[in-house]
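Each chain, letter by letter, is given below.
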Amino acid sequence: MDISEIVQLADELVFVKTGKHLEYLQEAILRGTLQGQKYAQIAENSHLSEGHVRDVASELWKILSDGLGKDISKANCRAILESGNIYDFSTAIGQGHVKINNVNICQDTSQSPQVTPQPQQTPTRSHIDLGDAPEIFSFYDRTHELATLENWIVRDRLRLIALLGIGGIGKTTLALQLIEQIKSNFDYLIYRSLRFSPTPDAILTNLLQIFSQQGEIPQAIETQLSQLINYLRKYRCLIVLDDLQMLFSSAQLAGQYKSGYEDYQLFFKQIAEVCHQSCILLISWEKSREVAALERVNNYVHSFVLGSLGVAAKQILRQHNLSDEDCWETLINTYQGNPLWLELTATTIQELFRGNVSEFLECNECDAPILCESLQAQLDRQFQRLTPQEQAVTIQLANQTEPVSLPQIRKTVELSTSDLLNAMQSLGRRFLLDAKEQGKTSFFSLNPVLQQYVKNRYGN
Ligand SMILES: Nc1ncnc2c1ncn2[C@@H]1O[C@H](COP(=O)(O)OP(=O)(O)O)[C@@H](O)[C@H]1O
Ligand SMILES: [Mg+2]
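Just so it is clear, the structure is predicted and the values come from calculations on it, not from any experiment.

Calculation notes
Here the residue index of a chain counts from 1 through its sequence in written order. Chains and ligands are labelled sequentially in the order written, the chains with letters from A and the ligands with numbers from 1. Local features are withheld for residues below a pLDDT of 70 in this predicted model, meaning they are given only at 70 or higher, and side-chain atom pairs are given and counted only at 80 or more; totals for whole chains, interfaces and linings count all residues. Where side-chain values are given, they derive from all heavy atoms of the structure, hydrogens and water being excluded. The rule for pairing is simple: two strands pair if DSSP sees at least two bridges between them. Put simply, DSSP H or I for four residues or longer makes a helix, DSSP E for two residues or longer makes a strand, and each gets a number counted from the N terminus. Here an angle of 0 to 180 degrees is reported between the N-to-C directions of two axes, which are lines fitted to C-alpha atoms, with helices fitted over the stretch in contact. Residue contacts are counted whenever heavy atoms from the two residues lie within 4.5 Å of one another. Lining residues are defined by having an atom within 4 Å of a point belonging to a cavity or pocket. Those points lie on a 1 Å grid over the protein atoms alone, cavities being sets where a 1.4 Å probe fits but cannot get out and pockets being open sets with protein on both sides within 12 Å along at least five of seven lines. Grid points are joined across faces, edges and corners, and a volume is the space filled by probe spheres set on the points. Classification used: nonpolar for Ala, Val, Leu, Ile, Met, Phe, Trp, Tyr, Cys and Pro, charged for Asp, Glu, Lys and Arg, polar for all others including Gly. These domain limits were set by an automatic method or by a database of domain assignments.

Chemist: Which parts of the structure should I look at to understand the sheet that holds strand E5 (residues 188-193)?
Modeler: Whether parallel or antiparallel, the strands of a sheet pair through hydrogen bonds between backbone atoms. Across the sheet, 6 strands lie side by side as E3-E5-E6-E7-E4-E8; this open sheet has parallel pairing. Edge positions in the sheet fall to strand E3 (127-129) and strand E8 (301-305), since each of these pairs with one other strand and no more. Adjacent strand axes in the sheet meet at a mean angle of 15°, parallel and antiparallel pairs treated alike. In this sheet, strand E7 (residues 279-284) lies alongside strand E6 (residues 237-242) in parallel orientation, the contact comprising 4 bridges. Each bridged residue has a counterpart across the sheet, and for Val240 the counterpart in E7 is Leu281. Across the sheet, helix H8 (residues 171-182) is in contact with strand E4 (160-164), E5, E6 and E7; its angle to E7 comes to roughly 160°.

Right, dumping it as structure tokens:
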């Protein structure tokens, strides 16, 4: 039994005994103890006093001892929890009892703060509802990315994953391919795009309707959320929520929810913190603040930044009937292996150069990418989301021929230090900056395609 399994079982046990799931600190104490850490170390990692950690720990050992009918302490916790070999986590939850170390603990539903909905029947095969997901006609490579995400979801049972990257890099396509690849592991596979900015109430209602077609959907967000979590606990579900960036305000620093959408924070935080057997995959071209904060402290939360499609993008160029294969790698590098940027550019090469890539590249005098109108329009959508401060920084960075350090940028941009730092951090969270470490200094440059876009736009 690995540590995650033990923590999951302990969480169920605590839930059965107290009606509440393991809190952050309780989980940190349990994990720390299972990893052989001392209280002082756990306290330091949690930024709390050792005395407080000891108090919470002693309460936790009491609950576990009570639940298992054995005297559990920090010293024997691992041995006792690990020795249990008869347990069936998923069926135990479904049947309202948990079996640990041969001790069968009946779930007292009167203690539970949540009403456990009982769907009519367990699906015998995966229930797949992809909503308005685009159809994927061709899919190339991404072997490594698929393997990593599959491991995180299927093997490590992460609860919240953010799939991030600049627009057009292939996030939606990758997620849909992933669903196809791992669907047999799940009872429910659901895809929803948030591109029309549904309110939290609308999306939760929509999700709950999938699980209970006739059931009444509660009004209060807390009850909707607790019902959803009950389903996520009862069934193994993969829910993909795409276009998360549409919930964030335009012209504000990256990842700030529009007003009226703040409950999404609560939604995602709950998904990450409460014990269940499902995974929510968030797709966005801006990193959300709660994911950034959660992934530092919660092992069930990770983010994955998608990069270039690499040489596999040649197949996209082949599909567009381009010629001069010798130059294809140059073309792919110029457009940073971004499949959408390559598709848009390939269409222009086909229309104006009869598919001749070298003729197209020859037009390009100083190695700067040529931005066709459709690519320019695509970048407009991303650039318009920047704050005036971020735009000021990008204009300065677009003038630079080499990566520059923060003090160097500071000299050229008329912004206070805090405005500059916030703008830089936000540009990073939108994946528009490239950063390189040299010695102890970080050097920044703009994404070269965006750099050309800014030059075109501001006539530099
Ligand atoms: N691995 C891939 N193989 C083939 N085509 C791809 C791949 N990834 C992306 N594409 C194509 O690139 C375009 C942009 O992909 P998409 O998934 O919509 O990007 P994102 O969601 O990151 O904005 C789509 O037309 C898609 O078909
Ligand atoms: Mg997409």
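Chemist: What is the right way to read the pairing of strand E11 (residues 441-446) from this model?
Modeler: Every regular strand shows the same layout, with side chains that alternate between the two sheet faces. Where strand E9 (residues 404-405) lies against E11, 2 bridges are found, and the strand directions are antiparallel. Across the sheet, residue Val404 finds its bridge partner in E11, namely Phe444. Note that strand E10 (residues 433-438) and E11 share 6 bridges and pair antiparallel. Across the sheet, Lys436 pairs through a bridge with Phe443, a residue of E11.

Chemist: Would you take a moment to explain empty space enclosed by the protein for this structure?
Modeler: Rolling a probe over the atoms, with the probe sized like a water molecule, indicates the empty space that remains. Taken as a whole, this structure holds 2 cavities of 30 Å³ or more when the rule is applied. Looking at the largest cavity, its volume works out to about 50 Å³. Around the largest cavity, the lining residues are Trp285, Glu286, Gln382, Arg385, Arg430 and Leu432. Class assignment for the residues of the lining of the largest cavity results in 2 nonpolar, 1 polar and 3 charged.

Chemist: Help me understand the layout of surface pockets in this model?
Modeler: If you add up the space inside the largest pocket, you get close to 790 Å³. In this structure, the largest pocket is lined by 31 residues; those nearest its centre are Gly168, Gly170, Lys171, Thr172 and Thr173. Of all the elements in the fold, those that place two or more residues in the lining of the largest pocket are H8, helix H13 (314-319), helix H15 (339-353) and helix H17 (373-383). Taken together, the residues of the lining of the largest pocket sort by class into 14 nonpolar, 9 polar and 8 charged. Viewed by domain, the lining of the largest pocket spans two of them, domain 2 (127-305) and domain 3 (318-370), each represented by three or more residues. In this structure, the second largest pocket spans a volume of roughly 480 Å³. Lining the second largest pocket are 17 residues, with Tyr24, Ala28, Asn45, Ser46 and Val297 sitting closest to its centre. Among the elements of the structure, helix H2 (24-34), helix H3 (39-46) and helix H12 (289-297) are those that each provide at least two residues to the lining of the second largest pocket. Sorting elements by how many residues they give to the lining of the second largest pocket places H2 first, with 6 residues. Residue classes in the lining of the second largest pocket are distributed as 6 nonpolar, 8 polar and 3 charged. Residues lining the lining of the second largest pocket come from more than one domain, with at least three contributed by each of domain 1 (3-106) and domain 2 (127-305).

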